[in-house]
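# Results of the structural survey
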Amino acid sequence: KKKSSNEIESILKKSRFNFYQEYREGRQRKHMEQMKNDSILQERLAQEAECDLMESEEQLSWNAYELPSRNRLRLIKRHLDTQRHAKEMRLRRLKEEVRLKEEGFTYHNSVLK
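Residues numbered from 1 in each chain as written. Predicted model: local features only at pLDDT ≥ 70, side-chain atom pairs only at ≥ 80, totals over all residues. Heavy atoms only, no water.

## Focus: the overall build of the protein chain
- If you tally the helices and strands in the protein chain, you get 1 helix and 2 strands.
- Entry remark: accessible area of the protein chain is about 11300 Å², with carbon and sulfur atoms responsible for 56%. (Helix = DSSP H or I, 4+ residues; strand = E, 2+ residues; numbered from the N terminus. Areas by Shrake-Rupley, 256 points an atom, 1.4 Å probe, with all protein chains shown as cover.)

Now the structure itself:
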């Protein structure tokens, strides 16, 4: 009986040691996984920061080079449209004045047009 009780105690001690060892190994595994996840997260954050920086540089270069040329072309077009409209108005006014002179209605409020 004594030998069998020693065997049981040794089995219990071994099983307790195994549980503790498994517990420690599990904690170490979790710790390693957490460190790996943290490093992956840090890498992902670094990539996102780099992408944001590249995007802001692209926006700044677009604002510095592309936008002024587009605005310049737009303003030139607007100026040409304004000149064309003014020329059309001047021609319309001259035609109207010629028509009024032909019809004899060149007076407006007792003033010769």
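Further notes follow.
## Concerning the environment of Trp62
- Looking at the secondary structure, you find Trp62 in helix 1 (residues 2-103).
- When sequence neighbours within four positions are dropped, the list of residues in contact with Trp62 reads Leu67, Pro68 and Arg70. (Contact = heavy atoms within 4.5 Å.)

## Regarding the pattern of salt bridges
- For the structure on display, the rule yields 4 salt bridges.
- One salt bridge in this structure joins Glu66 and Arg70, with 3.1 Å as the shortest N-O distance. You can see Glu66 and its partner Arg70 sitting in helix 1, 4 residues apart, about one turn around the helix.
- The exposure class assigned to Glu66 is partly exposed, which follows from its relative accessible area of 32%.
- Several salt bridges converge on common partners, so that one network encompasses Asp81, Arg84 and Glu88. (Salt bridge = Lys/Arg side-chain N within 4 Å of Asp/Glu carboxyl O. Buried < 20%, exposed > 50% of the residue type's maximum accessible area, 1.4 Å probe, protein only.)

## What about a negative patch on the surface?
- Negative charge collects at one region of the surface, where Glu48, Asp52, Glu55 and Glu58 lie side by side.
- Structurally, the position occupied by Glu55 is in helix 1.
- The exposure class of Glu55 is exposed, given its relative accessible area of 56%. (Patch = residues over 30% accessible without salt bridge, like charges linked within 9 Å, V, L, I, M, F, W, Y side chains within 5 Å. Lys, Arg positive; Asp, Glu negative; His and termini not counted. Charge placed at Lys NZ, Arg CZ, Asp CG, Glu CD.)

## Regarding the confidence of the model for the protein chain
- Here the protein chain averages 83 in pLDDT, and 76% of its residues register 70 or above.
- Taking the mean pLDDT of every element in the protein chain, the minimum, 58, falls on strand 2 (residues 111-112) and the maximum, 85, on helix 1. (pLDDT = per-residue confidence, 0-100.)

## Considering a nonpolar patch on the surface
- Together, Leu73, Ile76 and Leu80 make up a nonpolar patch on the protein surface, roughly 280 Å² of accessible area in all.
- Within the secondary structure layout, Leu73 lies in helix 1.

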